[in-house]
Amino acid sequence: MSNYQSLLRELPAVDSLLREPFLADLLKRLPRRVVLQAAQDTIASYRQTITGYADADENIPENIDLSPATLAIEVAALAEKNAGSNLKALINATGIIIHTNLGRAPLPGTAVKALNSIAANYNNLEFSLQSGKRGSRHEHLEELICELCGTEAAIVLNNNAGAVFLALNAVASGREVVVSRGQLVEIGGSFRIPDIMAASGAALVEVGTTNKTYLRDYEAAVNENTAAFLKVHASNYHMVGFTSEVKTVELADLAYQHGLLLIEDLGSGVILDLEKYGLPFEPRVQDSVAAGADLVTFSGDKMLGGPQAGIIVGRKDIISGIRTNQLARTLRVDKFTIAALEATLRLYLDEEKAIDEIPVWRMLTADVESLKHRAHKLAEGLSDIFGTDPVSVVKSVSRVGGGALPAAELPTYLAAVKLPEEDLHPTELIDRLRHTNPPVILRLQQDTLLFDPRTVFENQEATLVETVRKAYQG
Ligand SMILES: *Cc1c(COP(=O)(O)O)cnc(C)c1O
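For clarity, every value in this text was computed on a predicted model and none was experimentally measured.

Enquirer: Looking at this structure, I do not really get the overall build of the protein chain. What am I missing?
Expert: Secondary structure assignment for the protein chain yields 19 helices and 15 strands. Counting only C-alpha atoms and orienting by the principal axes, one finds that the protein chain spans roughly 90 × 55 × 45 Å. Scored against the burial criterion, the 474 residues of the protein chain give a buried share of 47%. Across the protein chain, the fraction of contacts at a sequence separation of at least 24, relative to all contacts at a separation of at least 6, is 75%. Put simply, the protein chain has 45 plus and 60 minus side-chain charges, and the middle of one group is 5 Å from the middle of the other.

Listed below in structure tokens is the structure:
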């Protein structure tokens, strides 16, 4: 017992630990309170270890080193970790392009530049440089969006969930909105169409069945209290077999005949022709507008490839109403979003530029031969760490993610690592890779680590390999 007690007495006091020369530089660089907390936590953790041995009546390992110099090294590591940002840039090797947990779309360089400049300076957010009078934050984006989407008005809000909510609140509060049962979807856990409708004050009228809804189902639901039809992109699920949904153009016609509105929530919001790039068909925003939808809503940070935002396009009179709605202020976008979205949208004025410079589109259209080449290059780097036996290149698929094209499989090649049984367990390596700087997120399939080059930027490849090396070597 006395052995434990003497060890506890051997633990340095916080003050003397902080006087260790090893921590001198750190104390100049980091806030004192951060280093102090790390020292307290380190000592407490050793105390707990020692009393743990005592409680279990186990022998303490002979080589336990409680010298201040050794503890100082741990204090420094802990302080550095605690002083680092919680929100960090990381390497996405999952091959899921629009990964909601990983921040969705990385921004194009021009958007980052715009952000930088607007963030660090005053700007004309609500000031008209033309008249010298007060301006509106909504003016910076509207013309550009209208041109790209072939529509007469647009408003940008905080996100698409907010856009759907506000559109419903503005046009259908206290009235009925008709939705197909096949489209009452949940997206990302917290966005459920029935809940959003309830919160907006619109009464949901469900029609049709899960797999089939016909035009006559919508028509039968219309009464004097009906305000609109809502069509929702199923986004993150895909039905196969006997299914039937009503086309936007038919629903728009029916809405028009009855003096109702058609709202279409497209979710992802594509404005390029996907089939042109060998990808599955997706309705474009301008197609829904041309088909007669009165309002179309979509996200800024899914297939559009820009910052988080919810965009509503459509009829001028309705959008003016939305703009002056009391709740618009609660969902308004800030100057950063406007700056990044404007820069992203400007790239779409030249389709080639959009494909080239918007990361989401570069990844979506990456050609399989270049992915194969990059997978081999990655595998080469990984062989240098693990030896050649555990490393291979395998054919597989990448996913779009983010509730867009759920059934689409984009052919790719992966660098694969299957460690021998006696080596480090793959889940341990995955855990370690979440704590590296930068963290690396990847796929694990049947004990094989899989790296998809599609979502790794070319200038991250060397860092990726070096980070894996450090994680593996502990
Ligand atoms: C993703 C999605 C939303 C939510 O958009 P956020 O921008 O994440 O708020 C709403 N509707 C559909 C159909 C979606 O796919």
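Still more ground to cover, so stick around.
Enquirer: Explanation requested: the sheet that holds strand E12 (residues 410-417) in the structure shown.
Expert: Remark on secondary structure: sheet strands pair via backbone hydrogen bonds, oriented parallel or antiparallel. Sheet architecture is open: 4 strands sit in the order E11-E12-E15-E14, paired in antiparallel fashion. Each edge of the open sheet carries a strand with a single partner, namely strand E11 (391-398) and strand E14 (443-445). Ignoring strand direction, the axes of neighbouring strands in this sheet form an average angle of 40 degrees. Sheet topology note: the E12/strand E15 (residues 448-451) ladder contains 3 bridges and is antiparallel. Directly across from Ala416, in E15, lies its bridge partner Leu450.

Enquirer: Just checking my understanding: could you explain the packing of aromatic side chains for this structure?
Expert: The description of two aromatic rings rests on the distance between their centres and on the angle between their planes. All told, the structure shown has 3 aromatic pairs when counted by the stated rule. Between Tyr218 and Phe229 the ring centres are 5.4 Å apart and the planes differ by 70 degrees, which places this aromatic pair in the edge-to-face class. With Tyr218 in helix H10 (residues 215-221) and Phe229 in strand E7 (residues 226-232), this pair connects stretches of sequence that are 11 residues apart. Both residues of the pair, Tyr218 and Phe229, count as buried. One residue, Arg216, lies across the ring of Tyr214, its end atom 4.4 Å from the ring centre.

Enquirer: In this structure, what is going on with the pattern of salt bridges? I would like to understand it.
Expert: A pair can form between side chains of opposite charge whenever their charged atoms are brought close. As enumerated under the stated definition, the model contains 23 salt bridges in all. In this structure, Arg181 engages Glu206 in a salt bridge whose closest nitrogen and oxygen atoms are separated by 2.9 Å. Separated by 25 residues along the polypeptide, Arg181 in the loop between strand E3 (176-180) and strand E4 (186-187) and Glu206 in strand E6 (residues 203-207) bring together distant segments of the chain. In this structure, Asp384 engages Arg469 in a salt bridge whose closest nitrogen and oxygen atoms are separated by 3.2 Å. Within this pair, whereas Asp384 is found in helix H17 (residues 368-386), its partner Arg469 is found in helix H19 (residues 461-472), the two being separated by 85 residues in sequence. In this structure, a network of salt bridges that share partners links the residues Glu126, Arg134, Arg137 and Arg332.

Enquirer: What's the story with the sheet that holds strand E9 (residues 295-299) in this structure? I'm lost.
Expert: Judged by pairing direction, the sheet is mixed, and its 7 strands sit side by side in the order E2-E10-E9-E8-E7-E3-E6 without closing on themselves. Whereas interior strands pair on both sides, the edge strands pair on one side only; in this sheet they are strand E2 (153-157) and E6. If you compare each strand with its neighbour and ignore which way they point, the axes differ by 20 degrees on average. Bridge count for E7 against strand E8 (residues 261-267) is 5 bridges, and the pairing is parallel.

Enquirer: How do you make sense of the site of the ligand when you look at a structure like this?
Expert: For the ligand, the full set of nearby residues is Arg104, Asn159, Asn160, Ala161, Ile187, Phe191, His233, Ser235, Asp265, Gly267, Ser299 and Lys302. At 3.2 Å from an oxygen atom of the ligand is found a side-chain nitrogen or oxygen belonging to Asn159. Side-chain polar atom of Lys302 to an oxygen atom of the ligand: 2.7 Å apart, as the coordinates give it. Contact with the protein chains covers 94% of the free accessible surface of the ligand, which is 380 Å².

Enquirer: Any chance you could explain the domain arrangement of the protein chain here in plain terms?
Expert: Frequently, the measure chosen for interface size is the accessible area removed from exposure when the parts meet. As far as domains go, the protein chain holds domain 1 (2-83), domain 2 (91-99 + 363-473) and domain 3 (109-357). Averaged C-alpha coordinates put domain 1 and domain 3 at centres separated by 55 Å.

Enquirer: Is there a simple way to explain the nonpolar core in this structure?
Expert: One broad trend across soluble globular proteins is that nonpolar side chains are buried collectively. Val313 and Trp361 are the most contacted members of the largest nonpolar core, which has 59 residues in total. A per-element tally of this core places helix H7 (residues 139-149) first, with 6 residues. Composition of this core by domain shows at least three residues from each of domain 2 (91-99 + 363-473) and domain 3 (109-357). The contact partners of Trp361, leaving out residues within four places of it in the chain, are Val270, Leu272, Leu274, Met303, Leu304, Tyr348, Ala354 and Ile355.

Enquirer: Can you walk me through the packing of helix H18 (residues 426-434) against H19 in this structure?
Expert: Between two packed helices, both the angle of their axes relative to each other and the distance between the axes serve to describe the pair. In the contact formed by H18 and H19, the axes pass within 9 Å of each other and the chain directions differ by 120 degrees. With respect to their mutual orientation, H18 and H19 come out oblique. Of the two possible hands of crossing, H18 and H19 adopt the one that is right-handed. Between H18 and H19, the contacting residues are Leu429, Arg432 and Leu433 on the first element and Thr467, Val468, Ala471 and Tyr472 on the second. Taken together, the residues of the contact of H18 with H19 break down into 5 nonpolar, 1 polar and 1 charged.

Analysis parameters
- Residues numbered from 1 in each chain as written.
- Predicted model: local features only at pLDDT ≥ 70, side-chain atom pairs only at ≥ 80, totals over all residues.
- Heavy atoms only, no water.
- Helix = DSSP H or I, 4+ residues; strand = E, 2+ residues; numbered from the N terminus.
- Buried < 20%, exposed > 50% of the residue type's maximum accessible area, 1.4 Å probe, protein only.
- Contact = heavy atoms within 4.5 Å.
- Lys, Arg positive; Asp, Glu negative; His and termini not counted.
- Charge placed at Lys NZ, Arg CZ, Asp CG, Glu CD.
- Pairing = 2+ DSSP bridges.
- Axes fitted to C-alpha atoms, helices over the stretch in contact; angles between N-to-C directions.
- Phe/Tyr/Trp six-rings, centres within 6.5 Å; stacked < 30°, edge-to-face > 60°.
- Lys NZ or Arg CZ within 6 Å of the ring centre and 35° of its normal.
- Salt bridge = Lys/Arg side-chain N within 4 Å of Asp/Glu carboxyl O.
- Near = heavy atom within 4 Å.
- Polar contact = N/O pair within 3.5 Å; in protein donor to acceptor, adjacent residues only side chain to side chain.
- Areas by Shrake-Rupley, 256 points an atom, 1.4 Å probe, with all protein chains shown as cover.
- Domains from an automatic or database assignment.
- Core = buried A, V, L, I, M, F, W, Y, C linked by side-chain atoms within 4.5 Å.
- Parallel < 35°, antiparallel > 145°, perpendicular 65-115°, else oblique.
- Left-handed = near helix turned anticlockwise from the far one by under 90°.
- Nonpolar A, V, L, I, M, F, W, Y, C, P; charged D, E, K, R; others polar.

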